[in-house]
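Coordinate inspection notes
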Amino acid sequence: MIPFLILLVLEGIPLLHLEFAIGQRLRKCSLGVWSAVHPSLKGVGITALLVSFLVGLYYNTIIAWVMWYFFNSFQEPLPWSSCPLLPNKIDYVDECARSSPVDYFWYRKTLNITTSINDSGTVQWWLLLCLLCAWAVLYVCTIRGIETTGKAVYVTSTLPYVVLTIFLIRGLTLKGSVSGIVYLFTPNVTELANPSTWLDAGAQVFYSFSLAFGGLISFSSYNSIHNNCEKDAVIISVINGFTSVYSATVIYSIIGFRATQRYDDCVSQNILTLTNAFDFPEGNITEGNFEAMQAWCNMTNPDMFATLTFQTCNLDTFLSAVRQQ
């Protein structure tokens, strides 16, 4: 979060102001602007057009995934809340049991990925339909140019805050959500010294502002030539920074919940290992007294204790692992 906010000020605001100003002054699209600056820079405008096209494909794919999950959310129970049963109705599907219901639904039911990159698999018709719906929505929003796009912004700019607020309220009710939020706002010196962290933060600034995509130049060309584009750049940057922090808080509340789940499963497995080895009554060992019971078992029967294998349960490690997924 710290690298993002720093780069938002150092590169986000200046480049945003530059694109607003050059589009507003020359009143041309990205291709026309760079051709006007110098004919040799026409390729920059063409490249921006290609980048916008590729990013459009990327984001529409994400919207298709969102639609797929949205359509599946009208089921009770949710299809990613538990593992599916085998035909014998006794055991769970092994692939799901070895991972999690969420991962199984994503990799098997949604993507239906193959075991090798050399095997492209088949077209998943459910995702194809969702992708067509996403492109249809995009077409409706841009069918009459700036007129319909401007109206669509009233929905696309406000609805995410409503959805994020709902997710945040739900996330805060989950166990471990606060741990994830604390992890987000706790500076990590090791991460700050990692160049890839700053590279990722810089890429996020470009994506969140849509810098160098050409769209900002095109939209700003519709502004009055006397419009205060510097003020616009500062206001948008402040709103963008707030939105990024807000959305990150929502995401890390869920990350904290998933990491806590893994931590609890790890601790439960260790407790089960110790309970079975020394024949303790069920419930006699808890998370609170586990380390004390470990020390007692090691002292009373060190030979048996040495044969046991315990998992390393560290919440910060799980938080880092879930964040990188």
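One numbering rule holds for all chains: residues counted from 1, following each sequence as written. Side-chain atom pairs in this predicted model are given and counted only at pLDDT of 80 or more, local residue features only at pLDDT of at least 70, and totals for whole chains, interfaces and linings cover all residues. Based on all heavy atoms of the structure, the side-chain values leave hydrogens and waters out of the count.

Observations regarding helix 7 (residues 146–156)
- For helix 7, the full list of buried residues reads Thr148, Thr149 and Ala152. Projected down its long axis, helix 7 carries its buried residues within an arc of 100°, all on one side. Exposed residues on helix 7 whose side chains face more than 90 degrees from its buried face are Lys151 and Tyr154.
- Should any heavy atoms of two residues lie within 4.5 Å, those residues are counted as being in contact. In DSSP terms, a helix is any run of H or I states spanning at least four residues, a strand is any run of E spanning at least two, and both are numbered starting from the N terminus. Lining the buried residues of helix 7 we find helix 6 (125–142) and helix 12 (215–220). Working definition: with a 1.4 Å probe on protein chains only, accessible area under 20% of the residue-type maximum means buried, over 50% means exposed, and in between means partly exposed. This arc is taken over the directions from the axis of the helix to the C-beta atoms.

Overview of the nonpolar core
- The definition of a nonpolar core used throughout is a set of buried Ala, Val, Leu, Ile, Met, Phe, Trp, Tyr and Cys residues joined through side-chain atoms within 4.5 Å. By size, the foremost hydrophobic cluster in this structure holds 12 residues: Phe4, Leu7, Leu8, Leu16, Phe20, Ala201, Val205, Phe209, Leu211, Leu216, Cys229 and Ala233.
- Sorting the residues of this core by element identifies helix 1 (2–26), helix 11 (195–209) and helix 13 (229–278) as the ones contributing at least two each.
- Here the element with the most residues in this core is helix 1; it accounts for five residues.
- Setting aside anything within four residues of it in sequence, one finds Phe4 in contact with Ala201, Gln204, Val205, Ser208, Asn240 and Ser244.

Digging into the packing of aromatic side chains
- Each Phe, Tyr or Trp ring, with Trp reduced to its six-membered ring, pairs with another whose centre is within 6.5 Å; inter-plane angles below 30 degrees give stacked pairs, above 60 give edge-to-face pairs, and intermediate values give tilted ones. Per the counting criterion, the structure on display carries 21 aromatic pairs.
- On the numbers, 5.6 Å between centres and 80° between planes, the contact of Trp125 with Trp126 is edge-to-face.
- For Trp126, a relative accessible area of 18% puts it in the buried group.
- Pairing Phe242 with Tyr246 gives two aromatic rings, centres 5.8 Å apart and planes at 10°, and the pair type is stacked. Taken together, the residues span about one helical turn, with Phe242 and Tyr246 both in helix 13 at a distance of four residues.
- Accessibility expressed as a relative area gives 18% for Tyr246, which makes it buried.

Focus on the state of the cysteines
- In what follows, a disulfide is any cysteine sulfur pair within 2.5 Å. Going through the model one piece at a time under the given rule, you end up with two disulfides.
- Between Cys83 and Cys96 runs a disulfide, and the two sulfur atoms are separated by 2.0 Å. Between Cys83 and Cys96, the S-S torsion sits near -80°, and that sign places the bridge as left-handed. With Cys83 in the loop between helix 3 (42–72) and helix 4 (94–97) and Cys96 in helix 4, this pair connects stretches of sequence that are 13 residues apart.
- With a relative accessible area of 14%, Cys83 lands in the buried category.
- Look at Cys96 and you get buried, because its relative accessible area is 1%.
- Here Cys266 is linked by a disulfide to Cys313, with a sulfur-sulfur distance of 1.9 Å. Across the S-S bond linking Cys266 and Cys313, the dihedral sits near -85°, which makes this disulfide left-handed. With Cys266 in helix 13 and Cys313 in the loop between helix 15 (302–306) and helix 16 (315–324), this pair connects stretches of sequence that are 47 residues apart.
- For the protein chain, the disulfide bridges join cysteines in the arrangement 1-2, 3-4, where the cysteines are counted in sequence order.
- Left unpaired, Cys29 is separated from the closest cysteine sulfur, that of Cys229, by 18 Å.
- Exposure remark for Cys29: the relative accessible area of 41% places this residue in the partly exposed category.

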